[in-house]
Amino acid sequence: MQKNTSTLLQTYLQHQGSPFSDPGFSAPELQLSSLPPAAVPFKIWHALDDGERLSRAQGAFLALTQHLQLVGDDQSDLNPGSPVLLAQLGVARLRAQGLLGNVAAIMNALGLPIPPEEDTLGVVPFGASAFERKCRGYVVTREYGHWTDRAVRDLALLKTKYPA
């Protein structure tokens, strides 16, 4: 799953044109208020209890499934002749949904409360320009990769605490 996230990001950037497709493109300052960033200082991450760690992952992947749907819809409009990109976005959304379900199952097994599902997107500006939609897609595909990496670390930590 981790390899697929970097492939998705590269495929996404290649289909957006300049400046996104320019070599070395990166815009870490771009964020979405409706999508929690995966980056967290190590000391804070390490100090999280199991419930908080899983709750944050669950909230992030819930948001990612909704955002990936929106990005897929945007790209269907912006790049309708890009079946590989559209397919990768669809697969990413399904994988995010699968991870969301797995996190909920782990929380349930540990007796932790599962946060209710909510609409994380809120009001979407449908009049957004093509550039704004490309920026939004970049942030979503980038954060999908970061959250996947973080989830792998989170689950590895839990595996050491609760061996099978």
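Residues numbered from 1 in each chain as written. Predicted model: local features only at pLDDT ≥ 70, side-chain atom pairs only at ≥ 80, totals over all residues. Heavy atoms only, no water.

Trainee: Please explain the overall build of the chain as it appears in this structure.
Mentor: Helix and strand counts for the chain stand at five helices and zero strands. Reading the secondary structure of the chain in the N-to-C direction produces α-α-α-α-α. Expected size for 164 residues packed as a compact globule is a radius of gyration near 15 Å; at 16 Å, the chain falls within 12% of this value. Along the first, second and third principal axes, the C-alpha atoms of the chain reach 45 × 30 × 25 Å. Expressed as a percentage of the 164 residues in the chain, the buried residues total 40%. (Helix = DSSP H or I, 4+ residues; strand = E, 2+ residues; numbered from the N terminus. Rg over C-alpha atoms; globule rule 2.2 N^0.38 Å. Buried < 20%, exposed > 50% of the residue type's maximum accessible area, 1.4 Å probe, protein only.)

Trainee: Which parts of the structure should I look at to understand the packing of helix α4 (residues 83-109) against helix α5 (residues 130-161)?
Mentor: Geometrically, a packed helix pair is captured by the angle between its two axes and the distance between the axes. The interhelical angle for the contact between α4 and α5, taken along N-to-C directions, is 30°, at an axis separation of 12 Å. The orientation of α4 with respect to α5, classified from their angle, is roughly parallel. As for how α4 packs across α5, the hand of that crossing is left-handed. Here α4 contributes L89, A92, R95, A96, L99 and I106 to the contact with α5, which in turn contributes T141, Y144, A151 and L155. Tallied by class, the residues present in the contact of α4 with α5 amount to eight nonpolar, one polar and one charged. (Axes fitted to C-alpha atoms, helices over the stretch in contact; angles between N-to-C directions. Parallel < 35°, antiparallel > 145°, perpendicular 65-115°, else oblique. Left-handed = near helix turned anticlockwise from the far one by under 90°. Contact = heavy atoms within 4.5 Å. Nonpolar A, V, L, I, M, F, W, Y, C, P; charged D, E, K, R; others polar.)

Trainee: Help me understand the packing of aromatic side chains in this model?
Mentor: Working definition: an aromatic ring pair is given by the centre-to-centre distance plus the angle between the planes. Using the criterion set out here, one finds four aromatic pairs in the structure. On the numbers, 5.1 Å between centres and 70° between planes, the contact of F25 with Y138 is edge-to-face. Residue F25 is found in the loop between α1 (2-14) and α2 (42-47), and its partner Y138 is found in helix α5; the two are separated by 113 residues along the sequence. A residue is classified by how much of its surface remains accessible, and F25, at 22% relative accessible area, is partly exposed. An aromatic cluster of at least three residues, connected via ring pairs, comprises F20, F25, F131 and Y138. One Lys or Arg, R53, reaches over the ring of W45 and ends 4.8 Å from the middle of that ring. In this structure, R153 packs its charged tip against the face of W45, placed 5.3 Å from the ring centre. (Phe/Tyr/Trp six-rings, centres within 6.5 Å; stacked < 30°, edge-to-face > 60°. Lys NZ or Arg CZ within 6 Å of the ring centre and 35° of its normal.)

Trainee: For this particular structure, what's the right way to read unusual backbone geometry?
Mentor: It is generally the case that most residues other than glycine have a negative phi and that most peptide bonds are trans. The omega torsion across S18 and P19 is 5°, close enough to zero to call that bond cis. Along the chain, the position of P19 falls in the loop between α1 and α2.

Trainee: I tried to follow helix α3 (residues 50-78) on my own but got confused; where do I start?
Mentor: One turn of an α-helix holds 3.6 residues; hence residues three or four places apart share an orientation. Between the first and last C-alpha of α3 there are 41 Å, a value that for 29 residues agrees with the 42 Å anticipated at 1.5 Å per step. The N-cap residue of α3 is D49: its side-chain oxygen and the backbone nitrogen of G51 are 3.1 Å apart. (Expected span 1.5 Å × (residues − 1). Polar contact = N/O pair within 3.5 Å; in protein donor to acceptor, adjacent residues only side chain to side chain.)

Trainee: I would appreciate a short explanation of the nonpolar core in the present structure.
Mentor: F61, L64, L68, Y138 and Y144 are the most contacted members of the largest nonpolar core, which has 28 residues in total. Put simply, the parts of the chain that give this core at least two residues each are α1, α3, α4 and α5. Leaving out residues up to four positions away in the same chain, L68 has contacts with L89, A92, R93, A96, V140 and Y144. (Core = buried A, V, L, I, M, F, W, Y, C linked by side-chain atoms within 4.5 Å.)

Trainee: Would you mind showing me how to read the pattern of salt bridges here?
Mentor: Close approach of charged atoms allows side chains of opposite charge to pair. This model, assessed by the stated rule, comprises seven salt bridges. For the salt bridge of K161 with D50, the shortest nitrogen-to-oxygen distance reads 2.7 Å. Residue K161 is located in helix α5, and its partner D50 is located in helix α3; the two are separated by 111 residues in the primary sequence. We classify K161 as partly exposed; its relative accessible area is 46%. Given the relative accessible area of 9%, D50 is considered buried. Of the charged contacts in the structure, one is a salt bridge between R136 and D74, with a shortest N-O distance of 2.6 Å. Here R136, found in helix α5, pairs with D74, found in helix α3; they are 62 residues apart in sequence, far enough to count as distant. You'll find R136 and D74 in the same group, each marked buried. Here the residues in one salt-bridge network are R53, R150 and D154, joined through shared partners. (Salt bridge = Lys/Arg side-chain N within 4 Å of Asp/Glu carboxyl O.)

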